[in-house]
Each structure stands twice: as structure tokens, then as C-alpha cells.
Amino acid sequence: MDRPIVIIGGGVAGVSAAEALRDGKYEGRIVLLSDEAAAPYDRPPLSKDVLRADELPASVWLRDEAFYRAKGVELLLGAHAISIDASGHSVVLSDGRRIDYDQLLLATGSRARVLDIFPPGAAHVHYLRTLADAQALRREMVKLGGAGHLLVVGAGIIGLEVSAAARAAGFRVSVIEPGARPLGRSASPILSAFLARTHENHGVDIRCAIHLSRVEARDGRYRVMLSDDSTLDVDLVLVGIGAVPNMELARDAGIETRPEGILVDGQGRTSAPDIYAAGEVAFHFNERTGGHRREETWQHAADHGAHVAQCMIGICQHAYAAMMSYWTDQYDYSVLVFGNPHGTSEVVRGDCATGSFSIFHLNQSAICGVTTVNAAREMRKSRPLVMKGAVVPGDVIADPAADPYQYG
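Residues numbered from 1 in each chain as written. Predicted model: local features only at pLDDT ≥ 70, side-chain atom pairs only at ≥ 80, totals over all residues. Heavy atoms only, no water.

Participant: Please explain the overall build of the chain as it appears in this structure.
Facilitator: Each helix and strand counted, the chain has 10 helices and 27 strands in total. Oriented by its inertia axes, the alpha-carbon framework of the chain measures out at about 65 × 60 × 35 Å. Residue burial in the chain is summarised as follows: out of 408 residues, 50% are buried. Relative to all contacts within the chain whose residues are 6 or more apart in sequence, the contacts with residues 24 or more apart total 58%. Surface accessibility of the chain: about 17700 Å² in total, with carbon and sulfur atoms responsible for 49%. One finds the centroid of the 40 positive side-chain charges in the chain at a distance of 1 Å from the centroid of its 49 negative side-chain charges. (Helix = DSSP H or I, 4+ residues; strand = E, 2+ residues; numbered from the N terminus. Buried < 20%, exposed > 50% of the residue type's maximum accessible area, 1.4 Å probe, protein only. Contact = heavy atoms within 4.5 Å. Areas by Shrake-Rupley, 256 points an atom, 1.4 Å probe, with all protein chains shown as cover. Lys, Arg positive; Asp, Glu negative; His and termini not counted. Charge placed at Lys NZ, Arg CZ, Asp CG, Glu CD.)

This is the structure in C-alpha cells:
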């Protein structure tokens, strides 16, 4: 009965879980299934470094081969799971193999949300979710030699990072965003305004509160009609309008799901015995917020994957309670966000015009989140204030001569 812990998903949640199992002294077999042929890789470089270089950067790989050997992780690449027999404790692969498990972790992540007017596979249309997606976009950018016009649909993190990379390569870039501002879901109004100005200063045409009306293919290009009656002629399209959780495998096995993902408790347990879910696919309970949520950040995938793995082997008994955090690099700016960027008010520490500043997000008078731009040291000092929900007078935060960090 040498049944392993089986992890389905080769992203950061799955790899972090495998590592946490070994760090927690789990001595049984670990089998990690990935439906991609490539070794597990990191996604943040796909919209930046992978688009800039002919060779894949070393930073794209989550771990090297030596890691899997040393940790005793059986890595099965190109292994596509098609069904789960929850009562029989087994997973069936597309090639007919059946893998029995002792416990199962679903870390299946998400896929790109599709825009019907620009279907995947259409000429010159790209979505960016996998390494293959990034390489295909890079090949077409190189083929055009930076002389084309790129249309980016969606002013989220992916859209803005690709815009920065395309401008650096010489492309003309237009961004269409149906919302009122860039990064409307994930950033504060002050950061949105700063990044919008930054992109515009680099020649990116950002149009918010606009949507696509009609698209015509013309001589290898697209003529795009917009809701404000304007028209764009573009050579290349990148659609970045969010992600959809890959929860079909769980749902078809009778595991409880929600539109937001696979429903799990604070320890990652699903409604099926011995089956857990972690990372982007999980609609997880967070003790700190007191409710269920789904997060699409790298840090959450890493933290949640490790937490659930520890719960699976009994070395962790408490509920998940990590703070939301993410980062993005655009042009010469490194942005860090920790906690809730949507408070009831905001106070800036520093000067936005210098390109190095912090934004403190307040819920009433308590600090609920911090955003820094080119100010990593300030972020390290600010995190305890967010964790504590410190109450700091706004004039102290804004005064560069004052010390708000003493309140942590």
C-alpha cells in the first residue's frame, strides 16, 4: 500500500506544496503531475523577461532537476488528468494510466478568460498564460521587428507588463480597458494614475471606459471599431481580461465548487475525503478576512500551497490567514503591494513625481494595506503596521520627517 500523495498541477502552488511536504519530514512518495511538457516554470517572467530575450532566462524555471531528485519528487510531465475516482482514491490520465493516491492535492490553477471577438488560435491573436503562449508572442514580435501596432485588451497586470515590453521593443501600443481606470480591481486610484501617466509618457495609448464594438480582418491586420466610434488598425492583439479557475476535474468528480473555484476550508480540505485544493483554483477560507475568497497572485499560490501541504501531513492545524500581496515591474518601476489596496482613504508618503513613494491605505483610521513604488525598504518597515492594523495619524504618515513605523 505504497500510495503516494499526488499533486495535480506543476505551477508554483504544486511545487511549493511538494517542497513543504519534504520540509515537514514527510517520507512517503510524492508524485507531481503536470499536463505541460516543460518542467515546472514561473509565470511572472512570461510577460517580461521571456518577451525580451531569444533564449529562455534561467529565472523562468521554478526549480532545477537537482531539486526534484534531491527531494524525491516523481515529476510526470505531459500527464493530463481526465478524471478522479474519489471513492477509489485514484486519478485517470489521458493515456489510460491510473494512479492511486493516499491523498490528492488539486493545484490546477487557472486559464485565460477568452474574448469571443478574438478567439484563441486566430491569426495574430495571443493570450498569455503558458510558456508556449509567451514564446509564440515573442516569435511574432520578432517577426514584426518592432514595426507593428499592438492592441492590448485589458489594463490589468499582464496587459500593462506586456505593453511595457512591447514599447521597449519599438512597437506602437494601444490599450483598451472597459473599466474606469487601469488595475481597477487590484490597485489604488493613486497607483493607477501613476502607472497610467508612466505608460503614456512612454508612448502607450491607454483608453479607459471603452470596449470593442466590431473587428474586421483586413490584409493580415485587424481593423478594430471601438464604442466611442474611433478605429484602430493593428497588427497584433494581446487579450488579458482575467483568468478562469480550472475546477472542472473536481466538479466532475462530485467535489463541491463555486463559480469562484473549488470550495475548501481554512486547511485546504474539499468536500471529498483526502482531497485538498490550493492556489488559484481554490475558493479558500481566510481566517484573517473571515470569509472565502479566490486570489490570483504568485505569493498566494506559494503560501497557500505550502500551508495546505503542511495541513495534509498534520504539522499545521490552524486556518490559512496570509495577507494578500503582489508585485509588478514596469519600465524602471518596481511596485509592491501588501494587504488591502482598497481602503476608505489613502495617504501618500513621499512624492509621486520622484518615482519613489509609498501609499498607505486606511480603513477608517487603521492601516489595511501599503503600496510602494521603488521603495522596497519602506515596504519592509510598513508590513508590521498592516499586520497590526495600526492606527497612525495621517499627518505623521505624510510627513517625511516623522516616524510612522514606531506605531508597529
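Text resumes after the structure shown.
Participant: Which parts of the structure should I look at to understand the sheet that holds strand 6 (residues 98-100)?
Facilitator: Backbone hydrogen bonds hold the strands of a sheet together, and the pairing may be parallel or antiparallel. Pairing is antiparallel in the open sheet, where three strands are placed in the order 4-5-6. The open sheet has two edge strands, strand 4 (81-85) and strand 6, and neither has a second partner. Neighbouring strand axes in the sheet, compared pairwise and without regard to direction, differ in orientation by 20° on average. Two elements, strand 5 (residues 90-93) and strand 6, share three bridges in a ladder whose sense is antiparallel. Paired with V92 across the two strands is R98, which belongs to strand 6. (Pairing = 2+ DSSP bridges. Axes fitted to C-alpha atoms, helices over the stretch in contact; angles between N-to-C directions.)

Participant: Sorry, what's going on with the sheet that holds strand 16 (residues 236-239) here?
Facilitator: Strand order across the open sheet formed by five strands is 9-16-10-11-12, with parallel pairing between neighbours. Each edge of the open sheet carries a strand with a single partner, namely strand 9 (125-127) and strand 12 (205-208). Strand-to-strand twist of the sheet, defined as the mean angle between neighbouring strand axes without regard to direction, takes the value 20°. Pairing of strand 9 with strand 16, which is carried by three bridges, proceeds in the parallel orientation.

Participant: Where do I start with the domain arrangement of the chain in this structure?
Facilitator: Each assigned domain of the chain is listed here: domain 1 (5-111 + 243-313), domain 2 (114-239) and domain 3 (332-398). Taking only C-alpha atoms into account, the centre of domain 2 sits 30 Å from that of domain 3. Between domain 2 and domain 3, the residue contacts involve 13 residues of the former and 13 residues of the latter. Both sides of the domain 2 and domain 3 interface together cover about 910 Å² of buried area, and 76% of this is carbon and sulfur. Its largest share of buried area at the contact with domain 3, domain 2 owes to I190, L191 and F194, together 56% of the area lost on that side. (Domains from an automatic or database assignment. Buried area = accessible area lost by both parts, 1.4 Å probe.)

Participant: Explain unusual backbone geometry here, please?
Facilitator: Trans peptide bonds make up the majority, and among non-glycine residues the majority have a negative phi. Although it is not a glycine, L183 adopts a positive phi angle of roughly 55°. Looking at where L183 falls in the secondary structure, it is placed in the loop between strand 11 (172-177) and helix 6 (189-201). When its relative accessible area of 3% is taken as the criterion, L183 is described as buried. Phi angles above zero are rare outside glycine, and D229 is one such case at about 75°. Positionally, D229 belongs in the loop between strand 14 (221-226) and strand 15 (231-234).

Participant: Can you help me understand the nonpolar core in this one?
Facilitator: The nonpolar side chains of soluble globular proteins are, as a tendency, buried together. Counting 37 residues, the largest nonpolar core has L46, L150, V173 and L191 as its most contacted members. Residues in contact with L150, not counting those within four places in the same chain, are V162, A166, R172, V173, S174, L236, V237 and L238. Membership of the second largest hydrophobic core comes to 25 residues, among which are I7, V12, V15 and A309. (Core = buried A, V, L, I, M, F, W, Y, C linked by side-chain atoms within 4.5 Å.)

Participant: For this particular structure, what's the right way to read helix 9 (residues 376-388)?
Facilitator: The α-helix advances 3.6 residues per turn, and as a result positions three or four apart in sequence lie on the same side. A rise of 1.5 Å per residue sets the reference length of helix 9, with its 13 residues, at 18 Å; its end C-alpha atoms lie 19 Å apart and thus fit the reference within 8%. Roughly 35° is the biggest bend found in helix 9, and it falls at S382, with proline P384 one to four residues downstream. What helix 9 keeps buried is the set E378, M379, S382, L385 and V386. Of the surrounding secondary structure, the elements contacted by the buried residues of helix 9 are strand 24 (333-339), strand 25 (345-351), strand 26 (356-363) and strand 27 (366-373). (Expected span 1.5 Å × (residues − 1). Bend = angle between axes of the 7 residues up to and from the residue.)

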